[in-house]
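# Structural description and commentary
Here is what each chain is made of, one letter per residue.
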Amino acid sequence: MYNDVDMVWMADPFPYLEGDHDVYFTDDMTGQLLSIQVKPLNHFHDLPPPGKKGRTHICSCMIYIRPTDGTKLVMKKWIEELQDQPWSNVKKSNDQPAFNWALNRTAAQDTSFLFFGTISQVAYKEVFSFFDAKHNWNVVDLYLLPQAAFPTGGLYFKNQTWVQETKGLHVIIHNNYITGFEKKIKWFRDFGLWFVDDYAVLE
């Protein structure tokens, strides 16, 4: 598991990492367009549809992966996308758009070639149609975590109606959609999520 440091764990996230999916991730919607962006509590866990820029809005802030060929394919594609979007003072690219492109371009992609690169086309179809039907071995399996449990900062800190409606369901809260060390701390303090001072070691 990877997660950013500007996050507060309110509960154990591992019960939510159910199943044997390849890559687990969170939504990065802001909640400003409520009818479109805030998902119902029982929302689907498939990769959401892309936005206006042709890619999804998944957050690279928290990722849980399993050691599978599907995961390897996503990571490989992510690296390739990052190499195509190098950091510069002009472009100021970061890893999140590249992560989204990697997810979009590998979702449900066949990974059978990782096992049998030289198998004939006829045999390939016969063998892997069986694997796909029986075991789903040859498909990149992505899983969107529940939005109520893993809210983005743009939703949690800016939509108190939603926060009250989902009270008790929050697991990891991300303090994004705001920049600056002091500003992030203030946001945590204002919402009763800053616990560091209570447990700081006094020298």
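Since the structure is predicted, the reported quantities are computational estimates derived from the model, not experimental observations.

On to the confidence of the model for the protein, then. Per-residue confidence for the protein gives a mean pLDDT of 80; residues scoring 70 or more make up 75%. Scored below 50 in pLDDT, residues 115–136 shows 16 contacts in the model against residues more than four places distant or in partner chains.

On to the environment of Lys 77, then. Mapped onto the fold, Lys 77 is located in helix 2 (residues 69–84). What makes Lys 77 partly exposed here is its relative accessible area of 24%. Once you skip the residues sitting within four places of it in the chain, Lys 77 turns out to touch Ala 102 and Thr 106.

Checked against the element boundaries, Thr 166 lands in the loop between helix 6 (160–165) and strand 6 (172–174). Setting aside residues no more than four positions away along its own chain, Thr 166 makes contact with Leu 41 and Ala 148.

Core analysis: the biggest nonpolar cluster contains 14 residues, and Val 23, Phe 25, Phe 99, Leu 103 and Leu 142 have the highest contact counts within it. Elements supplying a minimum of two residues to this core: strand 3 (23–27), strand 4 (58–65), helix 2, helix 3 (95–106) and strand 5 (142–144). At four residues, helix 3 tops the list of elements feeding residues into this core. Residue contacts for Val 23: discarding those within four places in its chain leaves Ile 63, Tyr 64, Ile 65, Thr 71, Val 74, Phe 99, Asp 141, Leu 142 and Tyr 143. With 13 residues, the next largest nonpolar core counts Tyr 64, Leu 145, Val 171 and Ile 172 among its residues.

A few words now on the pairing of strand 3. Of all five residues in strand 3, five are buried, a share of seventy percent or more. Here strand 3 pairs with strand 4 via four bridges, running antiparallel. Residue Val 23 lies in a different strand from strand 4, and its bridge partner there is Ile 65. Where strand 3 and strand 5 come together, three bridges link them in parallel fashion. Bridge pairing in strand 5 links Val 23 to Leu 142.

Take the packing of helix 2 against helix 3 next. Remark: helix 2 packs on helix 3, axes separated minimally by 8 Å, with the N-to-C direction vectors making an angle of 135 degrees. By the angle between their axes, helix 2 is oblique relative to helix 3. Pair helix 2 / helix 3 crosses with right-handed handedness. Contacts from Leu 73, Val 74, Lys 77, Trp 78, Glu 81 and Leu 82 in helix 2 reach Asp 95, Ala 98, Phe 99, Trp 101, Ala 102, Leu 103, Arg 105 and Thr 106 in helix 3. Taken together, the residues of the contact of helix 2 with helix 3 break down into nine nonpolar, one polar and four charged.

Here the focus is the packing of aromatic side chains. Under the counting rule described, the total for this entry stands at eleven aromatic pairs. Each ring, one from Tyr 156 and one from Phe 157, has its centre 5.2 Å from the other, and the planes form 80 degrees; the classification is edge-to-face. The same class applies to Tyr 156 and to Phe 157, which are both buried. Residues Tyr 156 and Phe 191 carry aromatic rings whose centres are separated by 6.3 Å and whose planes lie at 55 degrees to one another, so their mutual orientation is tilted. Taken together, the residues Tyr 156 in helix 5 (residues 153–156) and Phe 191 in the loop between helix 7 (181–190) and helix 8 (196–199) connect sequence positions 35 residues apart. Judged by its relative accessible area of 9%, Tyr 156 falls in the buried class.

Criteria and cut-off values
- Residues numbered from 1 in each chain as written.
- Predicted model: local features only at pLDDT ≥ 70, side-chain atom pairs only at ≥ 80, totals over all residues.
- Heavy atoms only, no water.
- pLDDT = per-residue confidence, 0-100.
- Contact = heavy atoms within 4.5 Å.
- Helix = DSSP H or I, 4+ residues; strand = E, 2+ residues; numbered from the N terminus.
- Buried < 20%, exposed > 50% of the residue type's maximum accessible area, 1.4 Å probe, protein only.
- Core = buried A, V, L, I, M, F, W, Y, C linked by side-chain atoms within 4.5 Å.
- Pairing = 2+ DSSP bridges.
- Axes fitted to C-alpha atoms, helices over the stretch in contact; angles between N-to-C directions.
- Parallel < 35°, antiparallel > 145°, perpendicular 65-115°, else oblique.
- Left-handed = near helix turned anticlockwise from the far one by under 90°.
- Nonpolar A, V, L, I, M, F, W, Y, C, P; charged D, E, K, R; others polar.
- Phe/Tyr/Trp six-rings, centres within 6.5 Å; stacked < 30°, edge-to-face > 60°.

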